[in-house]
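Each chain is listed here by its residues.
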Amino acid sequence: MHQKINVNKTFLIAGVVILALSLRIFLFEYNEASFVSDMKFTFLTLTIAMLTFMYSFMGKYFFKGLILLFCSCIFSITCWFIFFPKSDLTEKSSKFFEITLAILSFFENFTILYMGTVTGIIAGLFFMLINYKFIKIKNRYQLFFTRLISYLLILGTVSILFAKGGDWIFEMSEYFKSKF
């Protein structure tokens, strides 16, 4: 039997319009931006489009989806703090450079916090796309270990891409620019 997916069409159309608007804003900001952090309006409109899409597809389960994303962020940040290799900055070897090392280790921890948050959101979104019935079914514990393994694989893949992949979006865009 076919199961009907209830989609709130008004919010789906609004999400598509906001996504198109964010792509247009990206074109303006891309020409003037030196860093990714300079594209504030692009990220703001992409976030609003993502939340609108989530609400249109999830309906009354929207807050459960947000809780899943929040828990995914917390778990990812914890994993990044545990498994991210520590550099020599965390070991204080000289009294003369102690303040400098403390400041640099703070920025290293900030990087881990930032990367954990980003990978947690992306892994949570991919998990919800792959296991779209996870939030809506009553007995979520049926295939718990299968879903846990799939989430850990998604989180591991996204984390490895962000940690070791370099600037793969830039490299892909340069490759396509050279081909066409």
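As the structure is a computational prediction, the values presented were derived from the model and not from experiment.

Undergrad: Quick question: what am I supposed to make of the environment of T78 here?
TA: Inspection of the secondary structure puts T78 in helix α3 (residues 62–83). Residue T78 is classed as partly exposed on the basis of its relative accessible area of 37%. Taking the C-alpha atoms as reference points, T78 and I112, 34 residues apart in sequence, are found 9.4 Å from one another.

Undergrad: Looking at this structure, how should I read helix α2 (residues 40–58)?
TA: Every α-helix winds through 3.6 residues per turn, so residues three or four apart in the chain are directed the same way. Compared with the 27 Å implied by 1.5 Å per residue over 19 residues, the 27 Å span of α2 between its first and last C-alpha is a close match. Looking at α2, one finds that the buried residues are T42, T45, A49, T52, M54, S56 and M58. G59 occupies a position one or two residues after α2 and carries a positive phi of about 65 degrees.

Undergrad: So what exactly am I meant to see when it comes to the nonpolar core here?
TA: A general feature of soluble globular proteins is that nonpolar side chains tend to end up buried together. Formed by 14 residues in total, the largest nonpolar core has its most connected members in M54 and M128. When contributions to this core are tallied by element, the ones reaching two or more residues are α2, α3, α4 (98–130) and α5 (144–164).

Undergrad: Just checking my understanding: could you explain the confidence of the model for the protein for this structure?
TA: Detailed conclusions should not be drawn from predicted coordinates in areas where pLDDT is low. Of the residues in the protein, 74% reach a pLDDT of 70 or more, and the chain-wide mean stands at 77. Here helix α6 (residues 168–179) stands out as the element of the protein with the lowest mean pLDDT, 73, in contrast to α3, whose mean of 87 is the highest.

Undergrad: Could you clarify how one ought to interpret the packing of aromatic side chains in this entry?
TA: By convention here, two paired aromatic rings are described through the distance between centres and the angle between planes. Following the criterion strictly, the structure yields five aromatic pairs and no others. Measuring from centroid to centroid gives 4.7 Å for F11 and Y55, while their planes differ by 70 degrees, and the two rings are edge-to-face. Pair noted here: F11 is in helix α1 (residues 9–32) and Y55 is in helix α2, with a separation of 44 residues, a long-range link. Owing to a relative accessible area of 34%, F11 belongs among the partly exposed residues under this scheme. The class of Y55 is partly exposed, set by a relative accessible area of 32%. On the numbers, 5.7 Å between centres and 85 degrees between planes, the contact of F127 with Y151 is edge-to-face. You can see F127 sitting in helix α4 and its partner Y151 sitting in helix α5, a full 24 residues away along the chain.

Undergrad: What's the story with α5 in this structure? I'm lost.
TA: For α5, spanning 21 residues, the distance from its first C-alpha to its last is 29 Å, which sits close to the expected 30 Å at 1.5 Å a residue. Turning to α5, its buried residues number three or more, namely R147, Y151, I154, L155, V158 and S159. Looking straight down α5, one finds that the buried residues subtend no more than 125 degrees of arc, so they occupy a single side. The exposed set on the far side of α5, more than 90 degrees from its buried face, consists of F145, T146, L153, I160 and K164.

Rules used in this analysis
Residues numbered from 1 in each chain as written. Predicted model: local features only at pLDDT ≥ 70, side-chain atom pairs only at ≥ 80, totals over all residues. Heavy atoms only, no water. Helix = DSSP H or I, 4+ residues; strand = E, 2+ residues; numbered from the N terminus. Buried < 20%, exposed > 50% of the residue type's maximum accessible area, 1.4 Å probe, protein only. Expected span 1.5 Å × (residues − 1). Core = buried A, V, L, I, M, F, W, Y, C linked by side-chain atoms within 4.5 Å. pLDDT = per-residue confidence, 0-100. Phe/Tyr/Trp six-rings, centres within 6.5 Å; stacked < 30°, edge-to-face > 60°. Arc of directions from axis to C-beta.

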